[in-house]
Amino acid sequence: MSDILIHQQGGVCTLTLNRPDKKNSLTSEMYAELANLFLQAQGDEQIRVLVLQGSETVFCAGNDISDFIENPPNSPNAPVFKFLHALVQFPKPLIAGVCGPAVGIGTTLLFHCDLVYAGDNAAFSMPFVNLGICPEAASSLLVPQVMGYQRAAQALLLGEPFMAEAALEVGLVNQILPPTELKEFVQRQGAKLAAKPLKSVLETKRLLKAHQLPQLQKRIAEEGEMFSKMLTEPPALEAMRAFQERRRPDFTKI
Ligand code: COA
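Caption draft 1: Structural view of the overall build of the protein. Counting its regular elements, the protein contains 11 helices and nine strands. C-alpha extents for the protein along the principal axes are approximately 60 × 40 × 35 Å. By the burial criterion, 49% of the 254 residues in the protein qualify as buried. Nonlocal contacts in the protein, meaning residues at least 24 apart in sequence, comprise 71% of its contacts between residues at least 6 apart. Carbon and sulfur atoms make up 55% of the accessible area of the protein, which amounts to about 12500 Å² in all. The average position of the 23 basic charges and that of the 26 acidic charges among the side chains of the protein differ by 4 Å.

Caption draft 2: Main features of the sheet that holds strand β8 (residues 162-163). A sheet is described by the order of its strands in space; here three strands give the open sequence β5-β7-β8, paired in mixed fashion. Each having just a single partner strand, β5 (101-103) and β8 make up the two edges of the open sheet. As paired strands, strand β7 (residues 123-125) and β8 are joined by two bridges and run antiparallel to one another. Its bridge partner being in β8, phenylalanine 124 is matched across the sheet by phenylalanine 162.

Caption draft 3: Examining helix α8 (residues 179-194) more closely. For α8, spanning 16 residues, the distance from its first C-alpha to its last is 23 Å, which sits close to the expected 22 Å at 1.5 Å a residue. Those residues of α8 lying buried are Pro179, Leu182, Phe185, Val186, Gln189, Gly190, Leu193 and Ala194.

Caption draft 4: Local environment of the pattern of salt bridges. Enumeration over the complete set of coordinates arrives at nine salt bridges. Its salt-bridge partner being arginine 19, residue aspartate 64 comes within 2.9 Å of it at the nearest N-O pair. Of the two residues, aspartate 64 is situated in the loop between β3 (49-53) and α2 (65-70) and arginine 19 in the loop between β2 (12-17) and α1 (28-43); the sequence distance between them amounts to 45 residues. Here the two residues aspartate 64 and arginine 19 agree in accessibility, since each one is buried. Of the charged contacts in the structure, one is a salt bridge between aspartate 250 and lysine 253, with a shortest N-O distance of 3.2 Å. Through salt bridges that share partners, Glu238, Glu245 and Arg247 make up one connected network.

Analysis parameters
- Residues numbered from 1 in each chain as written.
- Predicted model: local features only at pLDDT ≥ 70, side-chain atom pairs only at ≥ 80, totals over all residues.
- Heavy atoms only, no water.
- Helix = DSSP H or I, 4+ residues; strand = E, 2+ residues; numbered from the N terminus.
- Buried < 20%, exposed > 50% of the residue type's maximum accessible area, 1.4 Å probe, protein only.
- Contact = heavy atoms within 4.5 Å.
- Areas by Shrake-Rupley, 256 points an atom, 1.4 Å probe, with all protein chains shown as cover.
- Lys, Arg positive; Asp, Glu negative; His and termini not counted.
- Charge placed at Lys NZ, Arg CZ, Asp CG, Glu CD.
- Pairing = 2+ DSSP bridges.
- Expected span 1.5 Å × (residues − 1).
- Salt bridge = Lys/Arg side-chain N within 4 Å of Asp/Glu carboxyl O.

Next up, the structure:
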């Protein structure tokens, strides 16, 4: 079965991350497929709303660590950057449904979504420093904007997870639901949006977001350059090896 399931109903296209054995972590192939699906959804008149979700127990464990080692993104054309580009300029409403862990890009992509609904088991984390790397997806710009500087520093410097209630409080999440009810609720919200006058919806999203687009693209490129470099350096290599070997990383000799 595919790692990304696609379902379309009444103007709502739903992409479901479906790699449960690896906690829906994202490989280069998945980024490439997501980038294509976002571009297709953008151009398809039948699609008025896009939904991105995982399962009831996990949204996304971030980048696949083995893939990071074997296929590190080393140019602006790498699949992850194509995905981020498609995400940041996606012109139609984008709704996320998040249950369980949302790690790394599993959290940072949410700052680009229009509506985020979370199961009460959602746990958000951006452990870039713990992995010897730096923020991506313009999170160094958007996280302090949304959460305030000190909470952003806690999430990005300490890499501490925060739960659904905290995400609701800071405004990253619109509403919390029981995980068993989330998918149906998200579909209802999607259908509501799909029934509204399309031009009004698109124009409103454009007006909400367009002013910041150049800044976001610039930050994604700036972060991306440093991220790619740091990924090949000793601290990241030690952190990734430690994850694979199920041990704590040792940064003391690096
Ligand atoms: N890349 C590759 N494999 C991953 C992964 C990732 N990001 N996240 C989880 N997996 C794999 C594990 O290696 C394990 O595989 P195995 O069964 O073949 O050993 C499987 O998924 C289950 O993971 P496990 O850690 O046992 O599940 P858990 O429920 O205890 O914890 C997470 C879930 C998501 C909290 C935890 O797996 C985690 O922290 N993952 C790493 C997240 C990360 O650092 N991502 C990069 C961010 S930039």
